[in-house]
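# Survey of secondary and tertiary structure
Now for the letters of each chain:
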Amino acid sequence: MSGTSAALQPPADAVQPVRHPDAPAPGELLGAHYGQCFGCGGEQPHGLHLQARAGEGVSITAEFTVQAAHQGAPGLAHGGVLASALDETLGSLNWLLRTIAVTGRLETDFVRPVPVGTVLHLAAEVTAVAGRKIYCTATGRIGGPDGPVAVRADALFIEVKVDHFIDHGRDEEIRAAMSDPDQVRRARAFEVNP
């Protein structure tokens, strides 16, 4: 990335990421962690409906199709929506670490316009871990997984406890998620960045 800030450079004592033994298998579709999530949730009518798959090592691939509701300039994706797609993809990496983490910093480069109707092919990987800090990078390409880069980002995620969501989330949604009788859905609601 051009001009990545010092805050996104792993320290000298950072270690290589290690995929958790219980992480989804390479190629496995991750599915939505929470139905109301703007990034991956199926219950958001204008959400991204991003579909992520576990990759090799500590990597993720994902896709989302830019819809008319995602426009900024006429016929082009809004930059904030593209940043959201990168953030969602980067946040999904935490499933492979089996770590609850939130976005601490996200730096994005917008390389070329992304027209409405385009499928954005995203790839992300964790590059280093230092204590509670998780360093990662992502690219979004158009025209296929090997197509030209349209957007890219570097990010820093910070490991948190589930209390982070309980203490700061809106009570109504927290109670609904916590009272879900499906234990898997209840746990997954708090797995990825808010």
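Report follows, based on the coordinates. (Residues numbered from 1 in each chain as written. Predicted model: local features only at pLDDT ≥ 70, side-chain atom pairs only at ≥ 80, totals over all residues. Heavy atoms only, no water.)

With respect to topology, six strands assemble into an open sheet ordered S1-S2-S4-S5-S6-S3, the strand pairing being antiparallel. Both edges of this open sheet fall to strand S1 (51–54) and strand S3 (101–110), since each of them pairs with a single strand only. Between one strand axis and the next, the sheet turns through 20° on average, direction left out of account. Pairing between S1 and strand S2 (residues 59–65): four bridges, direction antiparallel. Note that in S2 the partner of Ala54 across the bridge is Ile60. Of the strands in this sheet, S1, S2, S3, strand S4 (119–130), strand S5 (133–142) and strand S6 (149–159) are in contact with helix H1 (residues 79–97), which crosses S4 at around 50°. (Pairing = 2+ DSSP bridges. Helix = DSSP H or I, 4+ residues; strand = E, 2+ residues; numbered from the N terminus. Axes fitted to C-alpha atoms, helices over the stretch in contact; angles between N-to-C directions. Contact = heavy atoms within 4.5 Å.)

Let us look at the nonpolar core. Side chains of nonpolar character tend, in soluble globular proteins, to be buried together. By size, the foremost hydrophobic cluster in this structure holds 37 residues, and its most contacted members are Leu50, Phe64, Leu90, Leu120, Leu122 and Val126. Listed by contribution, the elements that provide at least two residues to this core are S1, S2, H1, S4, S5 and S6. Examining the composition of this core, we find that nine residues originate from one element, H1, more than from any other. Once residues within four sequence positions are removed from consideration, Val126 is found in contact with Pro17, Val58, Leu93, Leu97, Ile134, Tyr135 and Cys136. (Core = buried A, V, L, I, M, F, W, Y, C linked by side-chain atoms within 4.5 Å. Buried < 20%, exposed > 50% of the residue type's maximum accessible area, 1.4 Å probe, protein only.)

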